[in-house]
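An overview of the molecular structure
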Amino acid sequence: MQQMLQQAQKMQEQFASAQQELADAEVDGSSGGGLVTATVSGGGELKSLVIDPKVVDPEDPETLADLVVAAVRDANANAEKLAQQKMGPLAEGLGGLGGGGGLPGLPGM
């Protein structure tokens, strides 16, 4: 029993470390062949947005808006992949400890 508790504590520490790494990570996404680039945190918070001046057309703001939305979605999808890479294996291990089938409050984990 003691060994199981130690293993659970070690996994909990690894999980907390992975959460911190994820929070500190920044992930890029782009659209329009790199004309718009968005950077988000591992948690999905938009940190920066870079727009190539070539894509700015006062006569067509809708295209720019679409490119911005696409770049942010791409960055968020990349952040989600990063979260799955960092947290997925740990969540599977923690979920198997009590037969609980995952972590409460974390969908899909």
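Scroll up to find the structure this text is about.
Residues numbered from 1 in each chain as written. Predicted model: local features only at pLDDT ≥ 70, side-chain atom pairs only at ≥ 80, totals over all residues. Heavy atoms only, no water.

1. Side note on the overall build of the protein chain
Just so we agree on the cut-off: Only DSSP runs of H or I reaching four residues or more are called helices, and only runs of E reaching two or more are called strands; each is numbered from the N terminus. To sort residues, take the accessible area from a 1.4 Å probe on protein chains only and compare it with the maximum for the residue type: under 20% means buried, over 50% means exposed, and anything in between is partly exposed. For the area figures, the Shrake-Rupley method with a 1.4 Å probe applies, and any residue is considered shielded solely by the protein chains shown.
Helix and strand content of the protein chain: two helices and three strands. Reading the helices (α) and strands (β) of the protein chain from amino to carboxyl end gives α-β-β-β-α. For the protein chain, the proportion of its 109 residues judged to be buried stands at 29%. Element-wise, carbon and sulfur atoms account for 52% of the exposed surface of the protein chain, whose accessible area totals about 7,100 Å².

2. Some points on helix α1 (residues 2-24)
For an α-helix, the turn length of 3.6 residues means that residues three or four places apart are oriented alike. Keep this limit in mind: Any helix carries an expected span of 1.5 Å times its number of residues minus one.
The end-to-end C-alpha distance of α1 is 33 Å, a good match for the 33 Å that 23 residues give at a rise of 1.5 Å each. Restricting attention to buried positions, one finds in α1 the residues M11, F15, A18 and L22.

3. Comments concerning the sheet that holds strand β1 (residues 26-31)
Which entries qualify depends on this criterion: For two strands to be treated as a pair, DSSP must find at least two bridges joining them. Under this scheme, a helix contributes an axis fitted over its contacting stretch, all axes are lines through C-alpha atoms, and angles between N-to-C directions fall in the 0 to 180 degree range.
What the three strands build is an open sheet, ordered β1-β2-β3; its pairing is antiparallel. Of all the strands in the sheet, just β1 and β3 (46-51) have a single pairing partner and so form its edges. Strand after strand, the sheet turns through a mean of 15° between neighbouring axes, direction not considered. Sheet analysis places strand β2 (residues 36-41) next to β3, joined by five bridges and oriented antiparallel. Bridging across to β3, T39 finds its partner in S48.

4. Observations regarding the side chain of S41
Applied cut-off: Contacts between residues were defined by any pair of non-hydrogen atoms, one from each residue, lying within 4.5 Å.
Relative to the elements of secondary structure, S41 occurs in strand β2. A relative accessible area of 7% places S41 in the buried class. Ignoring anything within four residues of it in the chain, the contact list for S41 reads A23, A25, E26, K47 and A79.

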